[in-house]
Amino acid sequence: MRETGTTAQTACTEKNHLGLPAAAVGWGCRLCDVLERREVLSIALILAIIFATAFAIGSHRPMWFDEVLTILIATRPNITSLMAAMPADGSPPLLHLTVRALTGVLGPTQLAARLPSMVGFTGACLALYLFVRHRCGVAVGFLALAIMVSEPGWWYAFESRPYALMLGFMMLTIVSWQRAAERQNGRGLALFGMVVGIAGATLSHQLGLLEIAFVIFIAEGWRWSETKKPDLPLCATFLIALPLLTITIPLMRHTRDQVLEVAIAARPAYTLLTPFHWIGVARKSFRAIFGLSTLLLGVPLGVVVLRKLRGKHVREPGLMVMRGYEMAAGIALAALLPLTLCVMMPVNNYYECRYAIAAMAGIGILGGFGYGTTFPDRRDLIGASIGLCALLFVWNVVNDVRSRDRAVPVLSESVLGVDSDIPIMTDSCFLFYPMWWYASEPERTRLHYMFNLADPMEVAEKSALLERGRFPMQVEPEQSFLARYPRFIGYQPSAGLWERLNAMGYRREHLGTPDGAFWLFER
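Q: Is there a simple way to think about the packing of aromatic side chains in this case?
A: How two aromatic rings sit relative to each other is set out by the distance from centre to centre and by the angle between their planes. Under the definition given, this model contains 21 aromatic pairs. Arranged with centres 4.7 Å apart and planes meeting at 50 degrees, the rings of Phe 65 and Tyr 433 form a pair that is tilted. In this pair, Phe 65 sits in helix α4 (residues 65–74) while Tyr 433 sits in helix α22 (residues 429–438), placing the two residues 368 residues apart along the sequence. Summarising the burial analysis for this pair, Phe 65 and Tyr 433 share the class buried. Through pairs of rings, three or more aromatic residues link up here, namely Trp 154, Trp 155, Tyr 156, Phe 158, Tyr 163, Tyr 351, Tyr 355 and Phe 393. Over the ring of Trp 498 we find Arg 508, and its NZ or CZ is 4.2 Å from the ring centre.

Q: I'm lost on the sheet that holds strand β1 (residues 424–426) in this one. Help?
A: In any sheet, the strands associate via hydrogen bonds between backbone groups, in a parallel or an antiparallel arrangement. Within the open sheet, the six strands sit side by side as β3-β2-β1-β4-β6-β5. Their pairing is mixed. The open sheet is flanked by β3 (475–477) and β5 (507–510), the only strands paired with a single partner. Mean inter-strand twist for the sheet, computed between neighbouring axes without regard to direction, equals 35 degrees. As paired elements, β1 and strand β4 (residues 487–491) share two bridges and run parallel to each other. Opposite Ile 424, over in β4, you have Ile 489 as the bridge partner. The strands touched by α22 are β1, β2 (447–451) and β4; relative to β2, the strand with the most contacts, the crossing angle is about 165 degrees.

Q: How do you make sense of the side chain of Glu 478 when you look at a structure like this?
A: Following the sequence through the fold, Glu 478 ends up in helix α25 (residues 478–484). Polar side-chain contacts of Glu 478 include one of 2.8 Å to the side chain of Arg 500. Glu 478 has contacts with Met 450, Phe 451, Asn 452, Leu 497 and Arg 500, leaving out every residue within four places of it along the chain.

Q: Can you walk me through a nonpolar patch on the surface in this structure?
A: Residues Leu 189, Phe 192 and Val 196 make up a contiguous nonpolar surface patch of about 310 Å² in total accessible area. Within the secondary structure layout, Val 196 lies in helix α10 (residues 187–204).

Q: Explain the state of the cysteines here, please?
A: Linking two cysteines covalently through their sulfur atoms gives a disulfide. Tallied over the full model, the rule gives zero disulfides. Of all cysteine sulfurs, the one in Cys 29 lies closest to Cys 32, which takes part in no disulfide; the gap is 6.7 Å.

Q: Honestly, the pattern of salt bridges in this entry has me stumped. Any pointers?
A: As a working rule, side chains carrying opposite charge can pair if their charged atoms are close by. Summed over all chains, the structure comprises 18 salt bridges. With a shortest N-O distance of 3.7 Å, Asp 66 and Arg 354 are connected by a salt bridge. Of this pair, Asp 66 sits in helix α4 while Arg 354 sits in the loop between α18 (336–348) and α19 (359–374), and the two are 288 residues apart along the sequence. With respect to class, Asp 66 is no different from Arg 354; both count as buried.

Calculation notes
Residues numbered from 1 in each chain as written. Predicted model: local features only at pLDDT ≥ 70, side-chain atom pairs only at ≥ 80, totals over all residues. Heavy atoms only, no water. Phe/Tyr/Trp six-rings, centres within 6.5 Å; stacked < 30°, edge-to-face > 60°. Helix = DSSP H or I, 4+ residues; strand = E, 2+ residues; numbered from the N terminus. Buried < 20%, exposed > 50% of the residue type's maximum accessible area, 1.4 Å probe, protein only. Lys NZ or Arg CZ within 6 Å of the ring centre and 35° of its normal. Pairing = 2+ DSSP bridges. Axes fitted to C-alpha atoms, helices over the stretch in contact; angles between N-to-C directions. Contact = heavy atoms within 4.5 Å. Polar contact = N/O pair within 3.5 Å; in protein donor to acceptor, adjacent residues only side chain to side chain. Patch = residues over 30% accessible without salt bridge, like charges linked within 9 Å, V, L, I, M, F, W, Y side chains within 5 Å. Areas by Shrake-Rupley, 256 points an atom, 1.4 Å probe, with all protein chains shown as cover. Salt bridge = Lys/Arg side-chain N within 4 Å of Asp/Glu carboxyl O. Disulfide = S-S within 2.5 Å.

Function cannot be read off these values alone, since they describe shape.
Structure (structure tokens):
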């Protein structure tokens, strides 16, 4: 598979039949040569860049609603109160317990909250590289890694949510399964890796066990069709999930009863248009996971089609034979998006594509195997594709850094010149949580979250998230707040709230803040 020196240069110069620019050909070959000759240093450097980028952004970018909820639950006074608050989050407790341990060392900071995701995503990148490299060589392994990292979903590498952690454990399971399936030396260690990965995925997200079981079932089904007998020790690794389900299933039920009951009741009746509605729901968050690098999958596919049309052989000399069951694992990972969509929409009437974050790894595996099988010796094309993915990664990082969507206002600057005893309210929990977290103690005493009793969804969510004394915040119904405070400051009030206040005789005055978000209301 590997080519170096004169042979590599010949391959690069004589096989440029795709019409790539000469500069790109030479650059791509040199890149592949460096990656192969300095493999350990290269993978260590790339993983360090990924981790350092996530660390830098995660250390400074303000947390949003879900992340603040994560650290609020993690810092409850004791484990009993932590577990009692878990249904408000909807996830198993592994992330929160890990964040709790880190806050004991780093304090209740956003770095402590986000560090598990940074480690999980970096580990998933290493596992993906090892999985593809095992069959297709160093350069193609780096290409698979580059494809996944260049997707917009890398953003979850620095978010304090369980998705990157689940991705890391799932990829640990996949690469351990690959080694265990070969029945080579170290099978016991590989099976232990599967046990750890399955347990971690189960305790990271409610869909973790379903997703990893689906992938292994599809891949093992292919392998059983070849070997004609099941691998019982490998299948037995899933027994670790049985005791863990006694933790996750009750949490799922409590979340369903406390938070999702109204959403489930609002679920529309099934019709012939229901699948299109589900697709529309998934489309809203599709670009949060997948990006332009997914189009690279079309390159090997297009070449195969063109070669067949021209009557040429698809396979090239020196090609390593792909294991069908490993390709099946990649396809199953990529298919997690429709799988989770078809599970979550009927059950909870709610879906986000980040639930299928491991589909990014599936795209990386299919991309790597596609290039490895179609043109394993095309170092120019492989190197150019790695470079393209690197540019897409830089582009995503720049966009993330420039984004101001989650900027949190500094209250002491925003409400300057207004009486310090006037309360500050918002009718959006998504705005209230971050604002409360980053406010000083005196400012927190002025902050109120006001929810509308006429909205059953809002009441159901807020009663689970904010009431019952679980979190030290001032939360009250709209009628109660307005009865107590005829004069207050509103932060980004909704149009519906202003209509109700206007009907009640309130007048408003813009406070002149740069973002135009603060208004003084007075009756």
